[in-house]
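One letter stands for each residue in the lines below.
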Amino acid sequence: MRGGPLAGALVLLTLVTGCEPTDGSVYVPGSYTVRESGVRLRSGATACQDTPGTGNCPDVLAGLEPGDNLYPVCQSKGQLVGRNAWWVYVDAPGGRRGWVASWFLTCPTNRLPEVDLCTAEDFD
């Protein structure tokens, strides 16, 4: 074969910036969606802010559905969910603000790119 198996083939490289959805939903810059139904938006006392997880964040503020846009405020390591220990503090539909396990987001990475770690000022 002259030129090898790719001779004459057009090769496209796609550079992904940030973390676009992997579920085919429409990408809204700076937002993410959940990838399954019934994902819970959570809150709680200081323990929730320090180490987010189902035990430390027992208050369920809302159930989230695929297509709900979530806008990250910050992120922190917490309880392992799936294979991911990162939790994201988000602005959610209905003006609510709370935690969601990053495992349930349409982003294919553990720690979200370009989202800061949480500090005490994020919870004032």
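Check the entry above for the structure.
Heads up: these notes are all about the structure in this document.

## A short note on the state of the cysteines
Here is step 1 of the chain: Under the definition given, this model contains 2 disulfides.
Here is step 2 of the chain: A sulfur-sulfur separation of 2.1 Å characterises the disulfide bridge that pairs Cys74 with Cys118. Around the S-S axis, the bridge from Cys74 to Cys118 shows a dihedral of about 90 degrees and counts as right-handed. Taken together, the positions of Cys74 in strand β3 (residues 71–81) and Cys118 in the segment after β5 (97–101) put the pair 44 residues apart, joining distant regions of the chain. Just as Cys74 is buried, Cys118 falls in that class too.

## Description of the nonpolar core
One broad trend across soluble globular proteins is that nonpolar side chains are buried collectively.
Here is step 1 of the chain: Grouped together as the largest cluster of nonpolar side chains are 15 residues, with contacts concentrated most on Leu64, Leu70, Val90, Val100, Leu105 and Leu112.
Here is step 2 of the chain: Counting residues per element, the ones that place at least two in this core are β1 (39–43), β2 (59–64) and β4 (84–91).
Here is step 3 of the chain: The residues contacting Leu70, other than those within four sequence positions of it, are Gly30, Ser31, Tyr32, Val34, Leu64, Val90, Asp91, Ala92, Pro93, Val100 and Leu105.
Here is step 4 of the chain: Core analysis: the second largest hydrophobic core is formed by 10 residues, Cys48, Val81, Ala101 and Cys118 among them.

## Thoughts on the pattern of salt bridges
Here is step 1 of the chain: All told, the structure shown has 1 salt bridge when counted by the stated rule.
Here is step 2 of the chain: Residue Arg97 is joined to Asp91 by a salt bridge in which the shortest nitrogen-to-oxygen separation is 2.6 Å.
Here is step 3 of the chain: Using a relative accessible area of 36% as the deciding quantity, one classes Arg97 as partly exposed.

## Re the packing of aromatic side chains
Here is step 1 of the chain: The tally for this structure, following the rule as stated, stands at 3 aromatic pairs.
Here is step 2 of the chain: Both rings, one in Tyr89 and one in Trp99, keep their centres 5.1 Å apart while their planes meet at 50 degrees; by these two values the pair is tilted. Placement of the pair is Tyr89 in strand β4 and Trp99 in strand β5, with a sequence separation of 10 residues. A single burial state applies to Tyr89 and to Trp99, both of which are buried.
Here is step 3 of the chain: Ring plane angle 70 degrees and centroid distance 4.8 Å describe the contact between Tyr89 and Phe123, whose orientation is recorded as edge-to-face. Within this pair, whereas Tyr89 is found in strand β4, its partner Phe123 is found in the segment after β5, the two being separated by 34 residues in sequence.
Here is step 4 of the chain: The exposure class assigned to Tyr89 is buried, which follows from its relative accessible area of 11%.
Here is step 5 of the chain: Taken together, Tyr89, Trp99 and Phe123 form an aromatic cluster joined through their ring pairs.

## Considerations on the environment of Val81
Here is step 1 of the chain: Here Val81 is to be found in strand β3.
Here is step 2 of the chain: If near-sequence neighbours (up to four positions away) are discounted, Val81 is found in contact with Trp87, Ala101, Trp103 and Phe104.

## What to know about the side chain of Ser102
Here is step 1 of the chain: Along the chain, Ser102 turns up in the segment after β5.
Here is step 2 of the chain: Here Asn110 takes part through its backbone oxygen, which lies 3.0 Å from a polar atom of the side chain of Ser102.
Here is step 3 of the chain: Ser102 has contacts with Asn84, Trp86, Trp87, Val88, Thr109, Asn110 and Leu112, leaving out every residue within four places of it along the chain.

Here is what the cut-offs are and how they apply
Residues numbered from 1 in each chain as written. Predicted model: local features only at pLDDT ≥ 70, side-chain atom pairs only at ≥ 80, totals over all residues. Heavy atoms only, no water. Disulfide = S-S within 2.5 Å. Helix = DSSP H or I, 4+ residues; strand = E, 2+ residues; numbered from the N terminus. Buried < 20%, exposed > 50% of the residue type's maximum accessible area, 1.4 Å probe, protein only. Core = buried A, V, L, I, M, F, W, Y, C linked by side-chain atoms within 4.5 Å. Contact = heavy atoms within 4.5 Å. Salt bridge = Lys/Arg side-chain N within 4 Å of Asp/Glu carboxyl O. Phe/Tyr/Trp six-rings, centres within 6.5 Å; stacked < 30°, edge-to-face > 60°. Polar contact = N/O pair within 3.5 Å; in protein donor to acceptor, adjacent residues only side chain to side chain.

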